[in-house]
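Here is how the chains run, residue by residue.
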Amino acid sequence: MLPRERVIQTIKHEKPDRIPIYGWVKANLEQQISEVFGSVEAFEDRYEFDYAHLFGGPPTFDEQVLQELRANGPIEPPALIDAPMHDPNDTAAFNDIVDQIRHHKEQRGRFVYMQTPGFFEAMNGVFGIENHLAYLLIFENELHEVYRRQAEWTIQFVNNCLDLGVDMIHVSDDWGAQNSLMFSPDVWWRLIFPYHKTVVDAVKRRGAFVSLHTDGNNMSVLDGIAKLGYDVLHPFQESAGMDYSVYKSKYADKFVLMGGLDVQTTIGFGKLDFLRSEIKRVMSMFADGGLLFCTSHFVQDHCTMDELIFAFDTIYETARGRF
C-alpha cells in the first residue's frame, strides 16, 4: 500500500495495513537532524513518513500595511475592515508549495496537507493575543467582518492549493488553554464556528479532506468540531485534559485523530522507558484505525538526537508490529 493510500484509508474510517506515521521535527531541530542524517528530508525517508505538512504561500496582510497601522498604537478590529490584503492569487508565492508537492507526493507517494490560517490564531499575530481576547467582547460586530474577510481570502487560497494537488487543507486555529478554552463556548459558537463552517464547506465542495489544528483543551466544543465537518483533529492533547475514552465513545465515527506523541510531557525529557511505553500505549489503542500518528506539535530543541532517534525507531517498529 502506498503511503498516500494508507492515510486516505485511515481518514475514511477504514483499517489500514498499519498506522500512518509522521512528525513535526524540522522547525526546531533542522540543524541537529542534518548533522546526523544529512538533511531533514533524509530523516523523513529513513522513517518512511506517510504524509507531509506543507507551509508557504502569500501572507494575508503585508507586513508593511500592519506596520503602518501600528504607528498609532495597537491595531483594533475596525482598522482591519478596509485594510488591503495580499493577493491570494499571487502565483510566485506558491512556487515553494509546488516544489514541496513534487518532493513529497509525486516522488515519494505521500499524502500532503497544507497549513492554512484560521481566525482567532491568525489575528493574534495582528492584534496580540491579550488584546484579541478583549476584542472578542468589545468589538464583536467588527470581528465578524474581519473574520468574514479572512474566510473569503482563505477560500481563494485553499482553492489554489487544491488546484496544485494538495490532498487536505489544515486549518490552524489554537483555542485551548491547559484546562479549557481561552474564551467561552458561547463566544466560540457565535464568532468562530460560522467562519470555520464557511471554509470547511468550501473544501468539501472540492471533494478534499480538511483537518483542524487546535492546541490545549477543546473538550467543550468537540460537538461543534464534529458539526463543522472536519475529517481530522490535531492534536487531541491528553496533557491538557483531552480524554481518549470520550473520543472513542462519542466522536470516533465523526473524525479521526492526528497526534499521539505529546511534546509537552513525553518526548524531549530523557525518560526513554516512559517514552517507549507511551508510544506503544497510544498506538495500541488505535490498532484498528482512527489515528494518524504524529507529534502533538513541533518537537522542542531540548530533545536530543539520541532521544529523537529512539522515539522514531520505536514508532517505526511499533507501526510494523515488531515491538
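These notes cover the structure that comes with them. Think of each chain on its own: its residues are numbered from 1, step by step along the sequence as written. In view of the model being predicted, local features appear only for residues whose pLDDT reaches at least 70, and side-chain atom pairs are presented and counted only at 80 or more, with totals across whole chains, interfaces and linings using the full set of residues. Excluding hydrogens and water, the side-chain values take into account all heavy atoms of the structure.

## As for the packing of aromatic side chains
1) Next: Each aromatic pair joins two rings of Phe, Tyr and Trp (for Trp, the six-membered one) with centres within 6.5 Å, and gets the label stacked for planes under 30 degrees apart, edge-to-face for over 60, and tilted for any other angle. All chains considered together, the criterion is met by 32 aromatic pairs.
2) Next: For the pair Phe120 and Phe183, a centre-to-centre distance of 5.0 Å together with 70 degrees between the ring planes defines the contact as edge-to-face. Taken together, the positions of Phe120 in helix H7 (residues 120–127) and Phe183 in the loop between strand S3 (168–172) and helix H10 (185–205) put the pair 63 residues apart, joining distant regions of the chain.
3) Next: Three labels apply to residues, based on accessible area from a 1.4 Å probe with only protein chains included: buried if under 20% of the type maximum, exposed if over 50%, partly exposed otherwise in between. The exposure class of Phe183 is buried, given its relative accessible area of 10%.
4) Next: An angle of 40 degrees between the planes, with centres 5.7 Å apart, marks the rings of Tyr247 and Phe255 as tilted.
5) Next: For Tyr247, a relative accessible area of 1% translates into the label buried. The helix and strand labels rest on DSSP assignments: H or I over at least four residues marks a helix, E over at least two residues marks a strand, and numbering proceeds from the N terminus.

## Remarks on the packing of helix H8 (residues 129–138) against helix H9 (residues 140–164)
Packed helices, taken two at a time, are described by the angle their axes make and the gap between the axes.
1) Next: Every angle, taken between N-to-C directions, lies between 0 and 180 degrees, and every axis is a line fitted to C-alpha atoms, over only the stretch in contact when it is a helix. Where H8 contacts H9, the axes come no closer than 6 Å and their chain directions differ by 115 degrees. On the basis of the axis angle, H8 is roughly perpendicular to H9. Seen from H8, the contacting residues are His132, Tyr135, Leu136 and Ile138; seen from H9, they are Glu140, Leu143 and Tyr147.
2) Next: Residues were grouped as follows: Ala, Val, Leu, Ile, Met, Phe, Trp, Tyr, Cys and Pro as nonpolar; Asp, Glu, Lys and Arg as charged; and all remaining residues, including Gly, as polar. Along the lines of polarity and charge, the residues of the contact of H8 with H9 split into 5 nonpolar, 1 polar and 1 charged. If an angle is under 35 degrees, it is roughly parallel; if it is over 145, roughly antiparallel; if it lies from 65 to 115, roughly perpendicular; otherwise it is oblique. Contacts between residues were defined by any pair of non-hydrogen atoms, one from each residue, lying within 4.5 Å.

## What about unusual backbone geometry?
1) Next: That bond from His234 to Pro235 is cis: its omega, 5 degrees, falls within 30 degrees of zero.
2) Next: Relative to the helices and strands, Pro235 resides in the loop between strand S5 (232–234) and helix H12 (244–251).
3) Next: Notably, His13 is not glycine yet its phi reads approximately 65 degrees, a positive angle.
4) Next: The class for His13 is partly exposed, based on a relative accessible area of 39%.
5) Next: Phi at Glu48 is positive, roughly 50 degrees, even though this residue is not glycine.

## Some remarks on the packing of helix H2 (residues 26–37) against helix H14 (residues 305–319)
1) Next: In the contact formed by H2 and H14, the axes pass within 11 Å of each other and the chain directions differ by 75 degrees. Relative to H14, H2 is oriented roughly perpendicular. Residue-level contacts link Leu29, Gln32, Ile33, Val36 and Phe37 of H2 to Met305, Leu308 and Ile309 of H14.

## Regarding the pattern of salt bridges
Two side chains with opposite charge may pair up if their charged atoms get near one another.
1) Next: Each salt bridge in this description consists of a side-chain nitrogen of Lys or Arg and a carboxyl oxygen of Asp or Glu lying within 4 Å of one another. Under the counting rule described, the total for this entry stands at 23 salt bridges.
2) Next: Residue Asp17 is joined to Arg6 by a salt bridge in which the shortest nitrogen-to-oxygen separation is 2.6 Å. Here Asp17, found in the loop between helix H1 (3–11) and H2, pairs with Arg6, found in helix H1; they are 11 residues apart in sequence, far enough to count as distant.
3) Next: Judged by its relative accessible area of 48%, Asp17 falls in the partly exposed class.
4) Next: On the accessibility criterion, Arg6 (5% relative accessible area) is buried.
5) Next: Note that Arg148 is salt-bridged to Glu145, the shortest N-O span being 2.5 Å. Within this pair, Arg148 and its partner Glu145 are both found in helix H9, separated by 3 residues, close to a single helical turn.

## Re the pairing of strand S7 (residues 291–295)
1) Next: Along S7, 5 of the 5 residues are buried, which leaves the element largely enclosed by surrounding structure.
2) Next: Along S7, one buried face is formed by Leu291, Phe293 and Thr295 and the opposite face, lined by Leu292 and Cys294, is buried too.
3) Next: Note on pairing: DSSP must find at least two bridges between two strands before they are called paired. Bridge analysis of strand S6 (residues 256–261) against S7 gives 5 bridges, and the strand direction is parallel. Bridge pairing links Gly260 to Cys294 in S7.
4) Next: Crossover connection from S6 via helix H13 (residues 272–285) to parallel S7: handedness right-handed. We call a crossover right-handed when, viewed with the strands running away from us, the connection from the first strand over the helix to the second turns clockwise.

## With respect to the side chain of Arg18
1) Next: On the secondary structure map, Arg18 appears in the loop between H1 and H2.
2) Next: Residue classification places Arg18 among the buried residues on the basis of a relative accessible area of 11%.
3) Next: In the analysis that follows, any N or O atom pair within 3.5 Å is treated as a polar contact, provided that within protein one partner can donate a hydrogen and the other can accept it, and provided that, for residues neighboring in sequence, both atoms belong to side chains. A distance of 2.8 Å separates the side chain of Arg18 from the side chain of Asp50, its partner in a polar contact.
4) Next: Beyond its immediate stretch of four places on either side in the chain, Arg18 contacts Arg6, Glu48, Asp50, Ala319 and Arg320.

## Observations concerning the environment of Leu66
1) Next: With respect to the element layout, Leu66 can be found in helix H4 (residues 63–70).
2) Next: As for Leu66 and Phe127, which are separated by 61 residues in sequence, their C-alpha atoms are 9.8 Å apart.

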